[in-house]
Amino acid sequence: MSALAPLRLLREPSNASEGNHSNATLGAGSGWCQGLDIPNELFLALGLLSLVENLLVVAAILKNRNLHSPTYYFICCLAVSDMLVSISNLAEMLFMLLLEHGVLVMRPGIVRHMDSVIDTLICSSVVSSLSFLGVIAVDRYITIFYALRYHSIMTLQRAVATMAGVWLASTVSSSVLVAYYRSNTVLLCLIGFFLFMLVLMLVLYIHMFALARHHLHSISSQQKPPTAHRGGSLKGAVTLTILLGVFFICWGPFFFHLILIVTCPTNPFCTCFFSYFNLFLILIICNSVIDPLIYAFRSQELRRTLREVVTCSW
């Protein structure tokens, strides 16, 4: 096993195992096709950093009653998803090291069972992270365009139902992915889900920025200072856009990897791209590290509460 086992299962297409050996010979002549040898210590360090950061975000939201709103509950769920990526990564790395050094001796059947459990946990956190980014974007959209009706539209009951639905759907879909990860149909569904959420968030953000730009135009023409609500809406849209950009940069190469698995599994160029799989995994973990930093620096209330949590001012 290696870091992020279920993603490792998608390292290369199963129907190209023989072709990859011959194509590897063609690509081996180019130094840039050798891939990257990333040490396990880097995976462990990033996993620990992400775990600590997301724990602080969850603790800050739970501590401050002013943050007990659907928006911050969704952010808390996103932090939990990122935290699960870190926990499962650390658990797998520890499990692998104990097996390799003979400290832990287990039957092959038990090892496969534990690997499947970790696979499902990571896949579930991956799908839920993407889902909650979409939910947060929709929530921000409602806040801006239906401000007066927000509390009647996004009630606590609906927020709880949304969160429960995302977690349930993520668990079911991850179980299917782990069981049928060699199926191109499953990969196409995963790619389609990623593209759907990406297009959804892009449309929402473009609409939000169009409104914010219109408001700023009106304010400048009337020479009136911007209201707190409009300034906060623009700031929130900028924050979510940064999150979307970070997510696309960190996850884009992995989903492009899946597209190549489906479209050109034996092509020499695709085989060369597959060799950088460890880099894609590092980018995925970096997404879990960067998200909490964006929350801390963009939200003054959350930033203040984080300082209190760090200094143990309970």
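Everything quoted here is computed from the prediction, not taken from an experiment. (Residues numbered from 1 in each chain as written. Predicted model: local features only at pLDDT ≥ 70, side-chain atom pairs only at ≥ 80, totals over all residues. Heavy atoms only, no water.)

A.B. asks: In this structure, what is going on with the packing of helix 3 (residues 40-63) against helix 4 (residues 70-100)? I would like to understand it.
C.D. replies: The geometry of a pair of packed helices is captured by two quantities: the angle between their axes and the separation between those axes. Running from N to C, helix 3 and helix 4 cross one another at 150 degrees; their axes reach a closest spacing of 8 Å. Of the possible angle classes, the one that applies to helix 3 and helix 4 is roughly antiparallel. The handedness of the crossing between helix 3 and helix 4 is left-handed. Among the residues forming the contact of helix 3 with helix 4, the class breakdown is 19 nonpolar, six polar and one charged. (Axes fitted to C-alpha atoms, helices over the stretch in contact; angles between N-to-C directions. Helix = DSSP H or I, 4+ residues; strand = E, 2+ residues; numbered from the N terminus. Parallel < 35°, antiparallel > 145°, perpendicular 65-115°, else oblique. Left-handed = near helix turned anticlockwise from the far one by under 90°. Nonpolar A, V, L, I, M, F, W, Y, C, P; charged D, E, K, R; others polar.)

A.B. asks: Quick question: what am I supposed to make of the side chain of Asn-64 here?
C.D. replies: The topology assignment puts Asn-64 in the loop between helix 3 and helix 4. With near-sequence residues (within four places) excluded, Asn-64 lies in contact with Glu-301, Arg-304 and Thr-305. (Contact = heavy atoms within 4.5 Å.)

A.B. asks: Would you explain the state of the cysteines in this entry?
C.D. replies: Disulfide: a covalent bond connecting the sulfur atoms of a pair of cysteines. The full count for this structure, using the stated rule, is one disulfide. Sulfur-sulfur distance for the disulfide between Cys-264 and Cys-270 comes to 1.8 Å. When the S-S torsion is -80 degrees, as for the bridge of Cys-264 with Cys-270, the disulfide is left-handed. Of the two residues, Cys-264 and Cys-270, neither departs from the other in class, the shared state being buried. Cys-76 carries a free sulfur, and the closest cysteine sulfur to it, the one in Cys-77, is 5.9 Å from it. (Disulfide = S-S within 2.5 Å. Buried < 20%, exposed > 50% of the residue type's maximum accessible area, 1.4 Å probe, protein only.)

A.B. asks: Looking at this structure, how should I read the nonpolar core?
C.D. replies: One recurring pattern in soluble globular proteins is that nonpolar side chains are buried together. Ile-61, Met-201, Trp-251, Phe-254 and Leu-258 are the most contacted members of the largest nonpolar core, which totals 77 residues. In terms of residue count, helix 5 (residues 108-145) provides more of this core than any other element does, 13 residues in total. Apart from residues no more than four positions distant in its own chain, Met-201 is found in contact with Leu-130, Leu-133, Gly-134, Ala-137 and Leu-244. (Core = buried A, V, L, I, M, F, W, Y, C linked by side-chain atoms within 4.5 Å.)

A.B. asks: So what exactly am I meant to see when it comes to the environment of Ile-153 here?
C.D. replies: Tracing the sequence through the fold places Ile-153 in helix 6 (residues 150-153). Linking Ile-153 and Ile-142, residues 11 residues apart in sequence, is a C-alpha distance of 8.2 Å. Filtering out sequence-adjacent residues up to four positions away, Ile-153 remains in contact with Ile-142, Tyr-146 and Arg-158.

A.B. asks: Could you clarify how one ought to interpret the pattern of salt bridges in this entry?
C.D. replies: For side chains of opposite charge, pairing can occur when their charged atoms come near one another. One pass over the full model with this rule turns up three salt bridges. Residue Glu-308 is joined to Lys-63 by a salt bridge in which the shortest nitrogen-to-oxygen separation is 2.7 Å. Pair noted here: Glu-308 is in helix 12 (residues 300-310) and Lys-63 is in helix 3, with a separation of 245 residues, a long-range link. Arg-304 serves as the salt-bridge partner of Glu-308, at 2.7 Å between the closest nitrogen and oxygen. With Glu-308 and Arg-304 both in helix 12, this residue pair falls four residues apart, about one helical turn. A single salt-bridge network, built from bridges that share partners, covers Lys-63, Glu-301, Arg-304 and Glu-308. (Salt bridge = Lys/Arg side-chain N within 4 Å of Asp/Glu carboxyl O.)

A.B. asks: Is there a simple way to think about the packing of aromatic side chains in this case?
C.D. replies: For any pair of aromatic rings, geometry is given as the distance between the ring centres together with the angle between the planes. Within this structure, the stated rule accounts for 10 aromatic pairs. Ring geometry for Phe-194 against Phe-255: centres 3.9 Å apart, planes inclined by 10 degrees, an arrangement best described as stacked. Remark: Phe-255 occurs in helix 9 (residues 228-263) and Phe-194 occurs in helix 8 (residues 184-222); sequence separation between them is 61 residues. Exposure class is identical for Phe-194 and Phe-255. Each is buried. Arranged with centres 4.9 Å apart and planes meeting at 35 degrees, the rings of Phe-273 and Phe-280 form a pair that is tilted. Relative accessible area serves as the criterion here: at 19%, Phe-273 is assigned to the buried category. Given the relative accessible area of 4%, Phe-280 is considered buried. Three or more aromatic residues joined by ring pairs form one cluster here, namely Phe-194, Trp-251, Phe-254, Phe-255, Phe-256, Phe-273, Phe-277 and Phe-280. (Phe/Tyr/Trp six-rings, centres within 6.5 Å; stacked < 30°, edge-to-face > 60°.)

Any link to function would need more than the numbers given here.
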